[in-house]
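Residues per chain are reported as follows:
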Amino acid sequence: MERRRFLNKLFAVALPGGVLGIVLQRSRARAETSGYDASKHYYGMGIQVDKCIGCGRCVEACKDENNVPREPFFFRTWVERYVIKGNGEVVIQNIDKTISATAEVIGERDFLRSFFVPKLCNQCDNPPCVQVCPVGATFKTEDGIILVDEKRCIGCRYCIQACPYGARYLNPTTQTADKCTFCYHRVVKDLLPACVEVCPTQARIFGDVRSTASPLTRFKRMNKLHVLKPYLNTEPKVAYSELDGEVR
Amino acid sequence: MNGPFIDRLYDLLKQVTGYIYPNEIEVHWSILVVVYPYLTGLVAGAFILASLVKVFNVKEVQGVYRLSLLTALAFLLIAPLPLLLHLGHPERAYEIFLNPNFTSAMAMFGFVYAWYLMVVLVLEIWFTYRRDVILWAREEKPPMRWIHRVITLFSNDVSERSLEVDRKVVKGITIIGIPSAFLLHGYVGFIFGSIKANPWWSSVLMPIVFLFSAIVSGIALVILLYMVITPLRGGKIDMACLDKMSSYLFYAVIVDFSLECLDFIHRLYQSEESIKILSEMVMSKLFISLVIIQVLLGMVLPLALMVGIRLLRVNEELRKLLYFVSVILIQLGIFATRWNVVIGGQMFSKSFKGLTVYKMELTGIEGLLMTLGLLMLPFVVLAILLKIFPAWEWPKKHAAVEPAM
């Protein structure tokens, strides 16, 4: 009897204690994985122009992941097809068939070289959009990504005018400015941006620009790089390899 | 989603030439953003005319001093309206005042506007009119008596000493007012001129060109109002006043035209990468609004008319007619200038490889009817202001005396 009572008491204390212990341990473990420290990162992207096959999966994935309106006037990322003709003329088309439905068809013998160029927000280190936003709704995070606070944005569109890359649009649903965030909601969970994740040729490389051993660092070590419109001193964090001089 | 809006974008898509970035199909700053710099320009110009009268004590133009001040106020009260209507979230506009981002030229709007409205215009008008409003309140019956009593803030002192203070304060405000007027419109020019991404806007000359075109449009507007209101109230147009204002206008047009030529020549001579697409745009999308309306009708023709008036010594009636035609043409030209800056700056792609189109709607917030309404509204405000602050009537007791200001 004594022993049974002792065991009962032990069970009554140990069971809730054990459960509590497990819960505490789990929540601590969760806190450790979600304990994202922005100060330890600084993100950038590399794009290998010669690897892009213009399949457009990145554009699709971006629209799905980020609720970007489906119409072909709103893009966080898009892909341009460049054709340099024999006479030097440059023909640029968006690979989105809705936009380029009436695009010129260029015969095989007419062209000199052709390639695809994925475009997105360059997450400038010296961002003109952040400079001009009258209410500070567009800002740079500690880890170097330019975000828009849609609850503060007044929809004046000054940032859209200030972006040299046409990377911003006004979301017709929210009536606020919108742009690529490098899929920040994924990045803080240690996931890759959607466009990088789905690229079948690994033309897009995402990583920490300060890291010494990331794929991005390897990309930067192995390639000659260029950024878009360097003369504007926006200091883009998206770098291109094999970028043709005709690309704007 | 907004179906008609999307349908319109599909329509515009067919008219795009060359290559534009996909997010560039929508023209983001529409006609309402054209109206905004046009209205602030009129404010700055009308105020600078009033200041010239005060600072240089030009006798001939004293008659339009009060009209200029009231015109500036009427237009300043309406100027933020097109901006507000244009916002995606007008209900958050107060954020510009409460949480301004100090690196943004646009965020300075709140400060520049409040300074100009409260410190410069309202104060100057109050001190200019204080004596007369007190005297009117004594002579009148309610409700005008009450209105005037409230406007005087219940001050009742018309002693020579208090009037001397009024005069000194007005002089002081005018001196602060001129740089403030320069600031108001120079700042609007800076909003565009500081956008390095856009070669059509990005120019150090932009604030100065804006400023001089503002002076031109403001003086032209006051001349127009003077020529319309005077016969309506049964008065006679003072030709000395009209000639003097027109000579100011003439010099302002010459400076403005020279600056615009300088900008044009500078762009052509530098011949940067953007020159090809900009030339294509000027010769196609902007040909009518820039070459025909802004330059030929709005600048060259009025200049020729004013030169003609000076050289040929035309008689009074013909002179009035030519002045009238000139100021209307100038208004048209300056509106076209604003259009060409704002809309022109968005007609070409930042890829420099293509041109887009802008089609104004008839109805809707960003439509033609709304625009006309916004352009008419300042005149309604001015009519009310002139009712409360008559520009050419003095209190009966002092009718024979020159106004204090």
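Residues numbered from 1 in each chain as written. Chains lettered and ligands numbered in written order. Predicted model: local features only at pLDDT ≥ 70, side-chain atom pairs only at ≥ 80, totals over all residues.

Attention now goes to the overall build of chain B. The helix and strand inventory of chain B stands at 14 helices and 2 strands. A compact globule built from 405 residues should have a C-alpha radius of gyration of about 22 Å, and chain B, at 23 Å, falls within 12% of that. C-alpha atoms of chain B, sized along the principal axes, occupy 70 × 55 × 35 Å. Burial status across chain B gives 44% buried among its 405 residues. Within chain B, contacts between residues separated by at least 24 positions form 79% of all contacts whose residues are at least 6 apart in sequence. (Helix = DSSP H or I, 4+ residues; strand = E, 2+ residues; numbered from the N terminus. Rg over C-alpha atoms; globule rule 2.2 N^0.38 Å. Buried ≥ 20, exposed ≤ 12 C-beta atoms within 10 Å, placed from the backbone. Contact = placed C-beta atoms within 7 Å.)

A few words on the overall build of chain A. Counting its regular elements, chain A contains 7 helices and 11 strands. A buried classification covers 37% of the 248 residues belonging to chain A.

Counting from both sides, the interface comprises 41 residues of chain A and, opposite them, 38 residues of chain B. Of all the secondary-structure elements, those providing two or more residues to the side of chain A that touches chain B are strand 3 (90–94), helix 3 (128–132), helix 4 (158–162) and strand 7 (169–171) of chain A. No other element matches the 4 residues that helix 4 of chain A contributes to the side of chain A that touches chain B. Of the residues assigned to the side of chain A that touches chain B, the class counts are 25 nonpolar, 10 polar and 6 charged. (Nonpolar A, V, L, I, M, F, W, Y, C, P; charged D, E, K, R; others polar.)

What follows covers the nonpolar core. Val 43, Leu 70, Ala 72, Val 216, Ile 219, Val 222 and Ile 223 of chain B are the most contacted members of the largest nonpolar core, which has 172 residues in total. Looking at this core element by element, the count peaks at 18 residues for helix 2 (residues 31–55) of chain B. If you count residues domain by domain, this core takes at least three from each of domain 1 (39–126 + 177–241) and domain 2 (128–176) of chain A. Contact partners of Val 216 of chain B, with chain neighbours within four places excluded, come to Gly 45, Leu 249, Ala 252, Val 253, Asp 256, Ile 330 and Ile 334 of chain B. (Core = buried A, V, L, I, M, F, W, Y, C linked by C-beta atoms within 7 Å. Domains from an automatic or database assignment.)

Residues and elements named next belong to chain A. For chain A, the assigned domains read domain 1 (39–126 + 177–241) and domain 2 (128–176). On a C-alpha basis, the centres of domain 1 and domain 2 stand 20 Å from each other. Contact residues are listed per partner, giving 24 residues for domain 1 and 23 residues for domain 2. Here the residues of the side of domain 1 that touches domain 2 are counted per class, giving 12 nonpolar, 6 polar and 6 charged.

Residues and elements named next belong to chain A. On the basis of which strands lie adjacent, the open sheet formed by 3 strands has the order 3-2-4 and antiparallel pairing. Each edge of the sheet is formed by a strand with only one pairing partner; in this case those strands are strand 3 and strand 4 (111–120). Between one strand and the next, the sheet's axes are offset by a mean angle of 20°, whatever the strand orientation. Relative to strand 4, strand 2 (residues 77–85) is paired through 9 bridges, and the arrangement is antiparallel. Bridge pairing in strand 4 links Val 83 to Ser 114. (Pairing = 2+ DSSP bridges. Axes fitted to C-alpha atoms, helices over the stretch in contact; angles between N-to-C directions.)

To continue, consider the sheet that holds strand 1 (residues 43–48) of chain A. All names here are of chain A. A sheet is described by the order of its strands in space; here 4 strands give the open sequence 9-1-11-10, paired in mixed fashion. Whereas interior strands pair on both sides, the edge strands pair on one side only; in this sheet they are strand 9 (204–208) and strand 10 (225–226). Packing of helix 7 (residues 215–222) onto the sheet brings it into contact with strand 1, strand 9, strand 10 and strand 11 (238–241), and relative to strand 9 it is tilted by some 115°.

This part takes up the confidence of the model for chain B. Residue and element names in this part refer to chain B. Residue-level pLDDT values for chain B average 91, and 98% of them are 70 or greater. The low-confidence segment residues 400–405, where pLDDT is below 50, has 6 contacts with residues more than four positions distant or belonging to other chains. Model confidence for the complex: the whole-complex pTM is 0.90, and ipTM, which rates the interface, is 0.91. (pLDDT = per-residue confidence, 0-100.)

Turning next to helix 3 (residues 65–78) of chain B. Helix length check: helix 3 of chain B, at 14 residues, gives a terminal C-alpha distance of 21 Å against a target of 20 Å (1.5 Å per residue), a fit within 8%. Across the 14 residues of helix 3 of chain B, 13 count as buried, placing the element largely inside the fold. (Expected span 1.5 Å × (residues − 1).)

Before going further, it helps to spend a moment on the packing of helix 9 (residues 206–232) of chain B against helix 13 (residues 316–342) of chain B. Residues and elements named next belong to chain B. Running from N to C, helix 9 and helix 13 point in directions that differ by 140°, and their axes come no closer than 9 Å. Classified by the interaxial angle, the pair formed by helix 9 and helix 13 is oblique. Note on packing geometry: the crossing formed by helix 9 with helix 13 is left-handed. Between helix 9, through Ser 213, Val 216, Ser 217, Ala 220, Leu 221, Ile 223, Leu 224 and Met 227, and helix 13, the contact on the second element is made entirely by Lys 320, Tyr 323, Phe 324, Val 327, Ile 328, Ile 330, Gln 331, Ile 334 and Thr 337. By residue class, the composition of the contact of helix 9 with helix 13 is 12 nonpolar, 4 polar and 1 charged. (Parallel < 35°, antiparallel > 145°, perpendicular 65-115°, else oblique. Left-handed = near helix turned anticlockwise from the far one by under 90°.)

Looking at chain A, the pLDDT average stands at 89 and 85% of residues meet or exceed 70. Here residues 29–33 of chain A is a poorly scored stretch, pLDDT under 50, and it has 0 contacts once near neighbours within four places are set aside; other chains count.

Residue and element names in this part refer to chain A. As paired strands, strand 2 and strand 3 are joined by 5 bridges and run antiparallel to one another. Along strand 3, the bridge assignment pairs Tyr 82 with Ile 92. Connecting strand 2 to the antiparallel partner strand 3 that follows it, the hairpin turn spans 4 residues, and Gly 88 within it adopts a positive phi of roughly 90°.

The omega torsion of the bond from Pro 142 of chain B to Pro 143 of chain B falls at 5°, within 30 degrees of zero and hence cis. Along the polypeptide, Pro 143 of chain B turns up in the loop between helix 6 (109–139) and helix 7 (144–151). Backbone geometry at Asn 67 of chain A places phi at a positive 55°, although glycine is not the residue there. Locating Asn 67 of chain A in the fold gives a position in the loop between helix 2 (57–66) and strand 2.

It is worth spelling out the pairing of strand 11 of chain A at this point. Along any regular strand the residues' side chains alternate between the sheet's two faces. Residue and element names in this part refer to chain A. Relative to strand 11, strand 1 runs parallel, the two sharing 4 bridges. If you follow Met 45 over to strand 11, its bridge partner there is Val 238. Pairing geometry for strand 10 and strand 11, over 2 bridges, is antiparallel. Bridge assignment links His 226 to a residue of strand 11, and that residue is Tyr 240.

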